[in-house]
Amino acid sequence: MARLQADAPRERWVPVTGSLGLRGRRHRKAAIGMLLGQANRAMGAPERPGSGIAAWAMSQAAPLLMRRAAGRVLVWVWKSDPELLVVMAQVQEATPQVRAARASMPMEYDDTETFRGTYLGVGERLVVDLPPDERTPPFATYTWDTGTHLVTVTAVCSDRGRFGTVRAAVDDLARSLRLVEDVAAGESAGVLRIDPA
């Protein structure tokens with residue numbers, strides 16, 4: 001199965017994927033809290049008293065769930081302000097059902113522009129920095145169709161005024177994404193293997 005790799009500078013990004021235990025816990029909790037708060041606002045729900053506990057519980061489960069995804073999902077938060085920006089990259093097999101779901105997205109999602117990745121080639125980018133509904137956070141999505149897989153990056157920001165200051169870093173992160181796969185090399189009994197050392 002194909003999995004994702006990216007070059008995320010440690011001075012800017014904290015990886016949520018693979019950050020088990022105490023490592024990255026504060027950043028995970030802040031990012032999940034921000035996403036829960038944005039979801040509540042989008043649905044018009046007030047801030048709930050137990051939302052901090054929910055964010056903590058989800059922050060404990062998230063790394064294990066992403067580890068089970070085996071590289072098909074990668075998540076980062078903005079290091080200096082984890083509640084500001086969350087970026088998630090995922091790869092999925094381009095099944096007919098996935099293609100149908102993508103084709104049935106609302107019309108505003110057709111307003112994309114060409115975006116070139118260093119390894120994935122030409123894809124699409126959609127930036128919605130000022131959504132018409134003020135309850136909707138600014139976001140950007142990047143998509144590549146490799147023929148067999150769809151690679152998607154979604155960045156969600158909690159602050160409309162600051163989204164423009166971090167977009168270039170999100171572009172750089174998305175540009176660095178690549179797909180890797182394990183390839184089984186066949187051998188016959190008559191082949192002598194020599195240790196490269």
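About the cut-offs
Residues numbered from 1 in each chain as written. Predicted model: local features only at pLDDT ≥ 70, side-chain atom pairs only at ≥ 80, totals over all residues. Heavy atoms only, no water. Pairing = 2+ DSSP bridges. Helix = DSSP H or I, 4+ residues; strand = E, 2+ residues; numbered from the N terminus. Axes fitted to C-alpha atoms, helices over the stretch in contact; angles between N-to-C directions. Phe/Tyr/Trp six-rings, centres within 6.5 Å; stacked < 30°, edge-to-face > 60°. Buried < 20%, exposed > 50% of the residue type's maximum accessible area, 1.4 Å probe, protein only. Core = buried A, V, L, I, M, F, W, Y, C linked by side-chain atoms within 4.5 Å. Contact = heavy atoms within 4.5 Å.

A. Representation of the pairing of strand 5 (residues 113-117) within the structure. Inspection of the sheet shows strand 5 paired to strand 6 (residues 121-128) by five bridges, in the antiparallel sense. Opposite Thr114, over in strand 6, you have Glu124 as the bridge partner. Hairpin connection, strand 5 to strand 6: the antiparallel pair is bridged by three residues.

B. Quick peek at the sheet that holds strand 5. Pairing within the open sheet is antiparallel, and its seven strands lie in the order 2-3-4-8-7-6-5. For this open sheet the edge positions go to strand 2 (13-15) and strand 5, each flanked by a neighbour on one side alone. Between one strand axis and the next, the sheet turns through 25° on average, direction left out of account. Here strand 2 runs beside strand 3 (residues 73-78); their pairing, made up of three bridges, is antiparallel. Residue Pro15 lies in a different strand from strand 3, and its bridge partner there is Trp76.

C. A look at the packing of aromatic side chains. Applying the stated criterion across every chain yields a total of three aromatic pairs. Here Phe115 and Tyr142 contribute two aromatic rings whose centre-to-centre distance is 5.0 Å and whose plane-to-plane angle is 65°, an arrangement assigned as edge-to-face. Note that Phe115 is positioned in strand 5 and Tyr142 in strand 7 (residues 139-145), a separation of 27 residues in sequence. Classification of Phe115 by relative accessible area gives buried; the value is 3%. Using a relative accessible area of 0% as the deciding quantity, one classes Tyr142 as buried. Between Phe115 and Trp144, the ring centres sit 5.9 Å apart and the planes meet at 65°, which makes this aromatic pair edge-to-face. Within this pair, whereas Phe115 is found in strand 5, its partner Trp144 is found in strand 7, the two being separated by 29 residues in sequence.

D. Quick look at the nonpolar core. By size, the foremost hydrophobic cluster in this structure holds 27 residues, and its most contacted members are Trp13, Leu85, Val87 and Trp144. Elements with a minimum of two residues in this core: strand 3, strand 4 (85-93), strand 7, strand 8 (149-157) and helix 4 (163-175). Counting residues per element, this core draws most heavily on helix 4, at six residues. Apart from residues no more than four positions distant in its own chain, Trp144 is found in contact with Phe115, Gly117, Leu120, Gly121, Val122, Gly123, His149, Leu150, Val151, Val153, Ala174 and Leu177. Counting residues in each nonpolar core, the second largest holds six residues, with Val14, Val75, Val77 and Val86 among its members.

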